[in-house]
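A closer look at the structure
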Amino acid sequence: MPMGVTFEVNDGVARIGLDDGKVNVMSTTMLGEIGAAFDRAETEAEIVVLRSARPGIFSAGFDLKVFAAGDAAKSLEMVRAGAELALRLMSFPHPTIGVMEGHAFPMGTFLLLACDVRLGARGPHRMGLNEVAIGIAPPSFAIELARSRLHPAWLSRTVTLGEMYEPEEALTAGFLDRVVAPERVDITLEEVIVALRAIHKPSHATAKKRLRQPATDAMRMAIDRELTMAAYETSSRARSAVAMPG
């Protein structure tokens, strides 16, 4: 597996680690590496864990420098890669576990939202859809993904106001399923894995597809409608004015 993503399988559990040596920026390359890891996991494992190996950060999200450069083609390539990956995770046939132990900016949040079980560690880190705070309207595929997991009031706040939430608030909002002390993450993760081993995997895959079909259909439509070169050329001027973090 290329640098940036690690992959190992042990006793039927694939562990995909995010580690680019920095803040796990979701570039087109990084997204491709994650997708390749899920390709392997689909054939080599029964349960998948997605986790960052970088202290204090799950992912800094999409590469804002690509947006700021105003290159519509590269922006489109990156966002479409992220959208397709999130859509794939929503209907991935095996149970998936996302572990949040640090900040998860939008594309990182999208991947966690698409996992079946979202486990978070308590701490001063945040997650959410903060695009409007940096001069970007959240893409429709991401709104549809968030709509399928978040409580309506919290969905409105994060999408339209760019609010980000620490783990306890994220749990209330629907971003996470369980929040534990940092020292309990590994123990809790193993408990979740034990529970997932007990479910009937073909039934899980069918139930997931049935439950999420409206959301995945909406995401597919949004990707095909909005993530086109014509749409990006129209918005490239606004994207070049992205507010870069200080």
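Observations concerning the packing of aromatic side chains
- Tallied over the entire structure, the rule returns five aromatic pairs.
- Centre to centre, the rings of phenylalanine 38 and phenylalanine 92 are 5.1 Å apart; their planes meet at 85°, and the pair counts as edge-to-face. Separated by 54 residues along the polypeptide, phenylalanine 38 in helix 1 (residues 28–44) and phenylalanine 92 in the loop between helix 3 (72–90) and strand 7 (96–100) bring together distant segments of the chain. Assigned by exposure class, phenylalanine 38 and phenylalanine 92 land together as buried.
- Between the aromatic rings of tyrosine 165 and phenylalanine 175, the centroid separation amounts to 5.9 Å while the plane-to-plane angle is 40°, which identifies the pairing as tilted. Note that tyrosine 165 is positioned in strand 11 (residues 164–165) and phenylalanine 175 in the loop between helix 7 (167–173) and strand 12 (178–180), a separation of 10 residues in sequence.

Focus: the side chain of glutamate 131
- Tracing the chain through its elements places glutamate 131 in the loop between strand 10 (127–128) and helix 5 (140–147).
- Once you skip the residues sitting within four places of it in the chain, glutamate 131 turns out to touch Pro106, Phe110, Ile136, Ala137, Pro138 and Pro139.

Remarks on the sheet that holds strand 2 (residues 13–19)
- Strand order in this open sheet of six strands is 1-2-4-7-9-12, and the pairing throughout is mixed. The open sheet has two free edges, formed respectively by strand 1 (4–10) and strand 12, since each of these has just one partner strand. If you compare each strand with its neighbour and ignore which way they point, the axes differ by 20° on average.
- One ladder, built from seven bridges, connects strand 1 with strand 2; its direction is antiparallel. Note that in strand 2 the partner of asparagine 10 across the bridge is valine 13.
- On top of the sheet, helix 1 reaches strand 1, strand 2, strand 4 (47–52) and strand 7; it is set at about 10° to strand 1, its chief contact.
- Across the sheet, helix 4 (residues 106–114) lies against strand 4, strand 7 and strand 9 (117–121), angled at about 140° from strand 7, the strand it touches most.

Things to note about helix 9 (residues 201–226)
- Taken as a whole, helix 9 carries its principal kink of about 60° at arginine 212; the proline proline 214 stands between one and four residues after it.
- All of the buried residues along helix 9 are Lys201, His204, Lys208, Arg212, Ala215, Thr216, Met219, Ala222 and Ile223.

Some points on the packing of helix 3 against helix 9
- It is at 9 Å that the axes of helix 3 and helix 9 come closest, and there the two elements cross at 165°. Compared by their axis directions, helix 3 and helix 9 come out roughly antiparallel. Where helix 3 crosses over helix 9, the two elements pack in a sense that is left-handed. Between helix 3 and helix 9, the residues in contact are Arg80, Ala83, Glu84, Ala86, Leu87, Leu89 and Met90 and Lys208, Arg212, Ala215, Thr216, Met219, Arg220, Ile223 and Asp224, respectively.
- Split by residue class, the contact of helix 3 with helix 9 holds eight nonpolar, one polar and six charged.

Notes on the pairing of strand 9
- Within strand 9, five of the five residues are buried, which leaves it mostly tucked inside the rest of the structure.
- Alternating positions in strand 9 separate into two faces, Val117, Leu119 and Ala121 on one and Arg118 and Gly120 on the other, with burial throughout.
- Bridge count between strand 7 and strand 9: four bridges; the pairing is parallel. Across the sheet, methionine 100 pairs through a bridge with glycine 120, a residue of strand 9.
- Bridge count between strand 9 and strand 12: three bridges; the pairing is parallel. What sits directly across from alanine 121, in strand 12, is valine 180.

Each value, and the rule that gives it
Residues numbered from 1 in each chain as written. Predicted model: local features only at pLDDT ≥ 70, side-chain atom pairs only at ≥ 80, totals over all residues. Heavy atoms only, no water. Phe/Tyr/Trp six-rings, centres within 6.5 Å; stacked < 30°, edge-to-face > 60°. Helix = DSSP H or I, 4+ residues; strand = E, 2+ residues; numbered from the N terminus. Buried < 20%, exposed > 50% of the residue type's maximum accessible area, 1.4 Å probe, protein only. Contact = heavy atoms within 4.5 Å. Pairing = 2+ DSSP bridges. Axes fitted to C-alpha atoms, helices over the stretch in contact; angles between N-to-C directions. Bend = angle between axes of the 7 residues up to and from the residue. Parallel < 35°, antiparallel > 145°, perpendicular 65-115°, else oblique. Left-handed = near helix turned anticlockwise from the far one by under 90°. Nonpolar A, V, L, I, M, F, W, Y, C, P; charged D, E, K, R; others polar.

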